[in-house]
Amino acid sequence: FRYTRNLVDNGNGKFNLMILCWGEGHGSSIHDHTDSHCFMKILQGNLKETLFEWPEKKGNGEMIKKSERVLRENQCAYINDSIGLHRVENISHTETAVSLHLYSPPFDSCNTFDQRTGHKHKVTMTFYSQFGERTLC
Amino acid sequence: LPAGLSQWFPALEVLDVSGTGLAEMGAELLSLPCLHTLLAKNNRLGGPGSLPKGLGQAPLARSLRVLNLSGNRFADVPPALLQLRGLRSLSLGGNRLHSIPPDIQELRSLEFLYLGGNFITSIPPELAKLASLKYLVLCDNKIQSIPPQLAQLHSLRSLSLHNNLLTYLPREILNLVHLEELSLRGNPLVVRFVRDLTYNPPSLQELAGRTVKTRNVPYAPSDLPESLVRYLSLASNCPNPKCGGVYFDSCVRQIKFVDFCGKYRLPLMHYLCSPECSSPFSSASQSSTSQSESDSEDEASVAAHRMQKVLLG
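Bear in mind that the values here come from a model prediction, so they are computed numbers and not experimental data. (Residues numbered from 1 in each chain as written. Chains lettered and ligands numbered in written order. Predicted model: local features only at pLDDT ≥ 70, side-chain atom pairs only at ≥ 80, totals over all residues. Heavy atoms only, no water.)

Mind showing me how you'd approach the overall build of chain B here?
Of the regular secondary structure elements, chain B holds five helices and 15 strands. Within chain B, counting contacts between residues at least 6 apart in sequence, those at least 24 apart form 44% of the total. Of the roughly 14500 Å² of accessible surface on chain B, 52% is carried by carbon and sulfur atoms. (Helix = DSSP H or I, 4+ residues; strand = E, 2+ residues; numbered from the N terminus. Contact = heavy atoms within 4.5 Å. Areas by Shrake-Rupley, 256 points an atom, 1.4 Å probe, with all protein chains shown as cover.)

How should the domain arrangement of chain B be read in this particular structure?
By convention, interface size is frequently given as the accessible area that disappears when the constituent parts associate. Entries for chain B in the domain assignment read domain 1 (5-196) and domain 2 (204-264). When each unit is reduced to the centre of its C-alpha atoms, the spacing between domain 1 of chain B and domain 2 of chain B is 33 Å. (Domains from an automatic or database assignment.)

Explain unusual backbone geometry to me, please; I cannot follow it from the model alone.
The residue after Ser 104 of chain A, namely Pro 105 of chain A, is reached through a cis peptide bond having omega -10°. Within the secondary structure, Pro 105 of chain A sits in the loop between β9 (97-104) and β10 (109-113). Here the phi dihedral of Phe 131 of chain A falls at roughly 50°; this positive angle occurs in a residue that is not glycine. Residue Phe 131 of chain A is classed as partly exposed on the basis of its relative accessible area of 48%. Non-glycine residue Asn 163 of chain B carries a positive phi angle of around 60°. Of note, Asn 163 of chain B is situated in the loop between β7 (158-160) and β8 (169-170). Accessibility expressed as a relative area gives 27% for Asn 163 of chain B, which makes it partly exposed. (Buried < 20%, exposed > 50% of the residue type's maximum accessible area, 1.4 Å probe, protein only.)

Right under this line is the structure:
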């Protein structure tokens, strides 16, 4: 019922390579990248990436949008914490989307942010499948 | 659709005519007895003739399970569609719908309903009759409020409401015990305590009605004009269990905040029968004391335990 994260390769502990499958209307929360490099390539469909500024220390207001763009098939994007935070979404109501993500070093938790207040919340990320096998919680 | 389709492919189970510029689908569909999946997205459907006449009587009405009409030009849901009794999955995303017909309740077997990306302004309470509905997508519309009856969707696991015009939710949303995902971002949800200060004192009719109901004054249809009998049947119960009162038209609307998952504060609308009435979750009377806030937090943390992913941010 939401986008799935499917681990493909863990590079001997040096990176995580995964495929994300987005249904129509599926989107992520605003999140950071826990001090890692993040590369993303669109394999199918389109994904909208909205960049946000880090909220102030005692954030208590709407988060500030820096920019947004729609990434098309085969386009690549990169982000890390010094660039900012982002939300990624499949805004199509008719097409699914598939993206390839490379995170180095790998991380399994990050912070999500409430766009209205800037409050952050640490979350653990899980995989829907790993190396082709369904991961059960 | 080519004539003779059912003669060439009588065993057809899945038909995908997406992105073909189709403006009509005619009688060729009616004699495909095995068809369970019809994908016709990104076409020019929406006018008369989009669906064949006599659809309700065709074998298709019972065999079709999945229908995808997203990315077309439907300005309303064609009545013929509502005759597809066996339908489990329906997508009308990215069309031009302004409303959902109450007869949507006819699609008794529906489990998946995608209506994102339209111009829908309100949700009919009849939608709540879809007892098997697991996945409801209403994102990217113009919805201003959610009917409290939606809490009757006991099978609902995922509800997508992002990018609408919601300022609050009905408190009954806490009753959706199987709900695992709820997306609410991009709504102008109120962030501060709001009490409807324009409380109009009840009319004499309302006061009389309340007395009849709360004192259980017996009456028979022959005792009263029909209009008053109907009026009395519309009494709503005050949600405060300590009150036990009823109200008709005159009520206090109060927004209380409920913490979800300990992190997100959702504004939930409560209706009370009078300003003197205690709010539902507090033993003290009136406004949001810290006592009443923490009581509602207890209720919410029970509900939040069930609701694992609230996608607000």
